[in-house]
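A look at the structure
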Amino acid sequence: MKIYDKNAAEILDIQVDDSSVRYRSIMSDDSLTLDFSSTGPVTVPRGAYVDFEGARYTLFYPENFKKNNTRDFAYMLTLHGWREALKLYKFKDISSKPYRLKFSLTAKPSDFLQLLVDNMNLHDAGWAVGDCIEADEKLISFNHEYCIDVLNRLKDEFSTEWEINGKTIHLRKVEKFKDNPLALSYGMGNGFKSGVGRQNNGDKQPIGRLYIQGGERNIDYS
């Protein structure tokens, strides 16, 4: 696998170990962990990246390494998708000069999302607004928050979900393969690998019976 620096110059061409893995989760992690060994010390600078299966993963944090002996250096690089960049920058009101970090705004979801994208483009060009839900205006106050925290607040305020594809931010329910679902089952060649399991999320039981209790007053027909 080839690793490039932030100027697109190749710095390493490595053979990764079998323990390397890509992990993706809705509204959570999007990372690529590369484990490899080297006969000598190597330096992978922050901002280095790899392209894997059509997606770019960037090194936002210094690499982990362990010197086993003078000829065996073990490295673990954890690279992230563009979502990680939202952790670097504060959400600001850029309509005022100087910019305000503490402010309130009444707007629709698309307006909040556009302001979020504008904030990201102040530091890193190429961010864009994707799909966005329609909802009534809402008053939200912000106080020295990072862009990733604001995105999660918008998700909660408007009872929806978010997704980042490349540098495009979507604010809507995340649905995959809705029209053509992928059938999976246990057994060789059926989709699930050995070790895949299922566990309960908490101790709440699913709703099995709904009880309705009325009042003593009838609703006026009009």
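Refer to the preceding data block for the structure.
None of these values were measured; they are calculated from a predicted model. (Residues numbered from 1 in each chain as written. Predicted model: local features only at pLDDT ≥ 70, side-chain atom pairs only at ≥ 80, totals over all residues. Heavy atoms only, no water.)

**A word on the side chain of aspartate 93**
- Looking at where aspartate 93 falls in the secondary structure, it is placed in the loop between β8 (72–80) and β9 (102–107).
- Side-chain polar atoms of aspartate 93 contact the side chain of serine 95, separated by 2.6 Å.
- Setting aside its immediate chain neighbours within four residues, aspartate 93 contacts Tyr99, Arg100 and Phe103. (Helix = DSSP H or I, 4+ residues; strand = E, 2+ residues; numbered from the N terminus. Polar contact = N/O pair within 3.5 Å; in protein donor to acceptor, adjacent residues only side chain to side chain. Contact = heavy atoms within 4.5 Å.)

**Focus: the packing of aromatic side chains**
- Tallied over the full model, the rule gives seven aromatic pairs.
- When the ring of phenylalanine 112 is compared with that of phenylalanine 158, the centres are 6.2 Å apart and the planes differ by 50°; the resulting orientation is tilted. On the criterion of sequence distance, the pair formed by phenylalanine 112 in helix α1 (residues 109–123) and phenylalanine 158 in the loop between α2 (147–157) and β12 (162–165) is long-range, its members being 46 residues apart. Pair check on accessibility: phenylalanine 112 and phenylalanine 158 agree, each one buried.
- Aromatic rings pair up to connect Phe91, Phe103, Phe112, Phe142 and Phe158 into one cluster.
- The ring of tyrosine 146 carries the charged tip of lysine 90 above its face, separated from the ring centre by 5.0 Å.
- The ring of phenylalanine 158 carries the charged tip of lysine 138 above its face, separated from the ring centre by 5.2 Å. (Phe/Tyr/Trp six-rings, centres within 6.5 Å; stacked < 30°, edge-to-face > 60°. Buried < 20%, exposed > 50% of the residue type's maximum accessible area, 1.4 Å probe, protein only. Lys NZ or Arg CZ within 6 Å of the ring centre and 35° of its normal.)

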